[in-house]
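Summary of structural features
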Amino acid sequence: MSHNKPLLVVAKGAAKWVIFAVVNVWDFFESVLFVGGLIGSLMLPVVWPMKFVYAAGWLVCFFFVSKCIGKIEGYRKKSRNIKLRK
C-alpha cells in the first residue's frame, strides 16, 4: 500500500486546488450571475407571467448552487482549521 502514497498526495493536492478554484470563481461571479440571471430571465421573449416563473426558477437554482458552494467552502475552512490545530 505504500506505493500508492505519492498518488494519494497528488490526488489530495489536486482536489484542494479544484475546491480553491471553484470557491474563488464562485465568489467572483456570484453577484454578476445573480443580477444577470434575473435580468436575463426578464428579457426572455415569452409572455409576462412566464418571465416571473423563469425568474423564480433562476432564484431557486441560484440558491441551491450557493448552498452547495457554501458547503464546499465550509469543508475547506474546516480542513484548514484542523491543520492549524495539529
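Structural notes, computed from the coordinates.

Turning to the overall build of the protein chain, a few remarks are in order. Looking only at helices and strands, the protein chain features two helices and zero strands. Long-range pairs, those at least 24 residues apart, make up 60% of the contacts in the protein chain with a sequence separation of at least 6.

With that settled, consider the side chain of serine 41. With respect to the secondary-structure elements, serine 41 resides in helix α1 (residues 5-42). Among the residues examined, serine 41 registers a relative accessible area of 5% and is labelled buried. Not counting chain neighbours up to four residues away, the residues in contact with serine 41 comprise Lys51, Tyr54 and Ala55.

This next bit is on the packing of aromatic side chains. Under the counting rule described, the total for this entry stands at seven aromatic pairs. Their ring planes at 35° and their centres at 5.9 Å tell us that tryptophan 48 and phenylalanine 52 sit as a pair that is tilted. With tryptophan 48 and phenylalanine 52 both in helix α2 (residues 48-85), this residue pair falls four residues apart, about one helical turn. By relative accessible area, tryptophan 48 is classed as exposed at 55%. Ring geometry for phenylalanine 63 versus phenylalanine 64: centroids 5.6 Å apart, planes at 65°, classification edge-to-face.

The rules behind each value
The numbering scheme is per chain: residues are counted from 1 as the chain's sequence reads. A pLDDT threshold of at least 70 governs which residues receive local features in this predicted model, and a stricter bar of 80 or more applies before side-chain atom pairs are shown or counted, although totals over entire chains, interfaces and linings include all residues. As a convention, hydrogens and water are excluded, and side-chain values are obtained from all of the structure's heavy atoms. Each helix is a run of DSSP H or I of at least 4 residues and each strand a run of E of at least 2, with the numbering of both proceeding from the N terminus. Residue contacts are counted whenever heavy atoms from the two residues lie within 4.5 Å of one another. Burial status follows relative accessibility: with a 1.4 Å probe on protein chains alone, a residue under 20% of its type maximum counts as buried, one over 50% as exposed, and anything between as partly exposed. Paired rings are identified among Phe, Tyr and Trp, the last through its six-membered ring, by centres lying within 6.5 Å, and are further divided according to the angle between planes into stacked (under 30 degrees), edge-to-face (over 60) and tilted (the rest).

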